[in-house]
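# Breakdown of the fold
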Amino acid sequence: MDITDKLGSAQRKLKQFAAQVGQVRIRTSDSGPTASAQTARVAVVIPVFNAMPYLQVLLDSLAAQDLDPALFEVIAVDDGSTDGGGQVLDSFAARNPNWRVIRQRNSGWPGKPRNVGIESSTADYIFFCDADDVMGPEALRRMLDFADEHQVDVLAPRVVGIGGRGVNSTLFAKTLVDVPIRQILATLMPQKLIRRELLTAHGIRFPEGKIRLEDGMMLARCYLLARRISILADYDYYFIRARGNGTNISSQGTVPEKYTRSVFEIARIIKDNHSDADHAELLVLDLYQRKLLRSYVPTRFRAMSPRVRARWVKAHAGFLGQHIPLRLEEQLGFPFRQRSQLVRKQDVEGLLRLAATEEALRPDCRAALPQPSGTELRVRLEPAAKYESVHLLARARGKDSQLMFELRPDGRDHVVHLPVSEMATLGNVIVDLYVQLRLDGIDGNPRRLLAPEDGLPTEFGGKRLYATVQGNLSLDGRS
């Protein structure tokens, strides 16, 4: 055991001891059914454990909901908090008759308190909320109206990241009444509105105990058994936080073998509950890419100790052997296919070399200021490497057509002359410019060409040259 593992083990034991000592002072209690217990359409279930001061902000946002209090109830399950959060919950419950506070001994993970919340309500829908997040004031009313109108079993509202929390914003780009299962499986967070009938009919509950991805296991079953899944993207419904002190469960360290076993379990759930075996394989491939191959992001993988790297690779190789045949692996794009091929061979050193190549294939690609009357475009790559090839891609926006031009080295820059006649074949459209690099026999993903930092001429090669709001370079050939 290296020093990092020893330190982590000691910290975990200290936390366990502190929790055990704290449990002596914690009594179980229940404030009882709310005034809205018989009329509530939605129950907001919140597992609470040492979430101050964020808890106060969430509770304020729930108290500010514009839905009639008779139509919703808040069920907060205090999982043995020792930071004063229990008293804050009691204060809110005293002022809001549609709130209920259940206090229990610490279970160590959100699964059990969420299940307690499910069992403590008879509302038509359950919304799972985390204690350190925030809800928009119109969220419950809008979600309920949409779910009723479209008879939705699982509703995914637009989520916005705060405090540095990353969110897959493209998933919530537009409202969809019927979401394909492959698309919705990209979000396994529990912040969903779920019809109680779905949970009851299939006995769906969260796994209890310290199980990584327990929410993913529960959501995967819901998705595969639901009659209708929708995305609601017309409003900022939910604001999910990354705690500044790094105490989100999702930000805590993971044990490679345990985490991989959880991904195994989600894969099993997908295969057992999907009627189309071929489609289920594709869903598992997506799961593998999102949940396991992300471990080899260059900065993350290099930061691991040699021992931990080897453990991740060995665990993932076991998943590969059971779930990802070669014919599926071939469907992965760069860099995931290359990562997977090296994991299959358990080639840790090869993965480190690939990490260096990945980073080299992601330089800033910025255009130099072109001459207004010319067709020469100069591109500077920072940081630079000795690339096997550099190509410029000109893509017609909204179409499948594109042109490719090779750039030649010229000092610190790479240069290309864009033939006006050939560019005209793309039509009177906006043309977005990309750079594609090749290194170590690998073609990197095309990268948007950044606009010059010191302004632009109004015309280039017969088209209007402009910088997008993201600072990328495009040509407008519309007449």
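Scroll up a little and you will see the structure.
Residues numbered from 1 in each chain as written. Predicted model: local features only at pLDDT ≥ 70, side-chain atom pairs only at ≥ 80, totals over all residues. Heavy atoms only, no water.

## Regarding the overall build of the protein chain
Along its length, the protein chain carries 16 helices and 23 strands. For the protein chain, the residues scored as buried account for 51% of the 479 residues in total. Sequence-distant contacts, at least 24 apart, represent 75% of the contacts inside the protein chain between residues at least 6 apart. Total accessible area on the protein chain stands at roughly 22,200 Å², and carbon and sulfur atoms take up 50% of it. In the protein chain, 65 side chains carry a positive charge and 57 a negative one; their mean positions are 5 Å apart. (Helix = DSSP H or I, 4+ residues; strand = E, 2+ residues; numbered from the N terminus. Buried < 20%, exposed > 50% of the residue type's maximum accessible area, 1.4 Å probe, protein only. Contact = heavy atoms within 4.5 Å. Areas by Shrake-Rupley, 256 points an atom, 1.4 Å probe, with all protein chains shown as cover. Lys, Arg positive; Asp, Glu negative; His and termini not counted. Charge placed at Lys NZ, Arg CZ, Asp CG, Glu CD.)

## Comments concerning the environment of Tyr387
Secondary-structure assignment places Tyr387 in the loop between strand 13 (376-382) and strand 14 (389-396). A sequence separation of 257 residues divides Tyr387 from Asp130, and the C-alpha atoms of the two residues are 47 Å apart. When residues no more than four places from it in sequence are discounted, the contact partners of Tyr387 are Ala360, Leu361, Pro363, Leu381, Leu437, Arg438 and Leu439. There is a polar contact of 2.5 Å between the side chain of Tyr387 and the backbone oxygen of Ala360. (Polar contact = N/O pair within 3.5 Å; in protein donor to acceptor, adjacent residues only side chain to side chain.)

## Considering the packing of helix 12 (residues 306-323) against helix 14 (residues 336-344)
Between helix 12 and helix 14, whose axes approach to 8 Å, the crossing angle comes to 100°. Classed by the angle they form, the pair helix 12 and helix 14 counts as roughly perpendicular. Here Val313, His316, Ala317 and Leu320 of helix 12 come into contact with helix 14, specifically with Ser340, Val343 and Arg344. For the contact of helix 12 with helix 14, the class distribution of residues is four nonpolar, two polar and one charged. (Axes fitted to C-alpha atoms, helices over the stretch in contact; angles between N-to-C directions. Parallel < 35°, antiparallel > 145°, perpendicular 65-115°, else oblique. Nonpolar A, V, L, I, M, F, W, Y, C, P; charged D, E, K, R; others polar.)

## A few points about the sheet that holds strand 11 (residues 238-241)
Here three strands make up an open sheet; going across it, the order is 6-11-8 and the pairing mixed. Because the sheet does not close on itself, it has two edges, and the strands there are strand 6 (134-135) and strand 8 (159-162). Here strand 8 pairs with strand 11 via four bridges, running parallel. Among the inter-strand pairings, Gly161 is bridged to a residue of strand 11, identified as Ile240. (Pairing = 2+ DSSP bridges.)

## Observations regarding the packing of helix 12 against helix 15 (residues 348-360)
One can describe the packing of helix 12 onto helix 15 by two numbers: an axis separation of 10 Å at closest approach and a directional angle of 100°. As judged from the angle between their axes, helix 12 and helix 15 are roughly perpendicular. Contacts from Arg309, Ala310 and Val313 of helix 12 reach helix 15 at Val348, Leu351 and Leu352.

## Focus on helix 2 (residues 54-63)
Tyr54, Leu55, Leu58, Leu59, Ser61 and Leu62 are the residues of helix 2 that are buried. Here the buried residues of helix 2 occupy an arc of 160° about the axis, which is enough to place them on one side. Where helix 2 is buried, its residues touch strand 2 (42-48), strand 3 (72-78), helix 3 (85-95), strand 4 (99-103), strand 6 and strand 11. (Arc of directions from axis to C-beta.)

## Comments concerning the sheet that holds strand 16 (residues 408-410)
Strands pair in a sheet through their backbones, by hydrogen bonds, and they do so in one of two ways: parallel or antiparallel. On the basis of which strands lie adjacent, the open sheet formed by four strands has the order 12-13-17-16 and antiparallel pairing. Bordering the open sheet on either side are strand 12 (364-367) and strand 16, each of which pairs with just one other strand. Across this sheet, the average inter-strand angle for adjacent strands is 35°, counted without regard to direction. Here strand 16 runs beside strand 17 (residues 413-417); their pairing, made up of three bridges, is antiparallel. Bridging across to strand 17, Pro409 finds its partner in His414.

## Some thoughts on helix 14
All of the buried residues in helix 14 are Gln338, Arg339, Ser340, Leu342 and Val343. Positive phi shows up at Gln346, right after helix 14, with a value of about 55°.

## So, unusual backbone geometry
Between Phe334 and the following residue, Pro335, the backbone shows a cis peptide bond with an omega angle of 0°. Its place among the elements puts Pro335 in the loop between helix 13 (326-329) and helix 14. Of note, the bond from Glu382 into Pro383 is cis; its omega dihedral lies within 30 degrees of zero at -5°. Mapping Pro383 onto the fold places it in the loop between strand 13 and strand 14. In this structure, Asn50 is a non-glycine residue whose phi angle is positive, near 45°.

## A short note on the state of the cysteines
This model, assessed by the stated rule, comprises zero disulfides. The thiol of Cys129 is unpaired, and the distance to the nearest cysteine sulfur, on Cys222, comes to 17 Å. (Disulfide = S-S within 2.5 Å.)

Interpretation in functional terms is not warranted from these geometric data alone.
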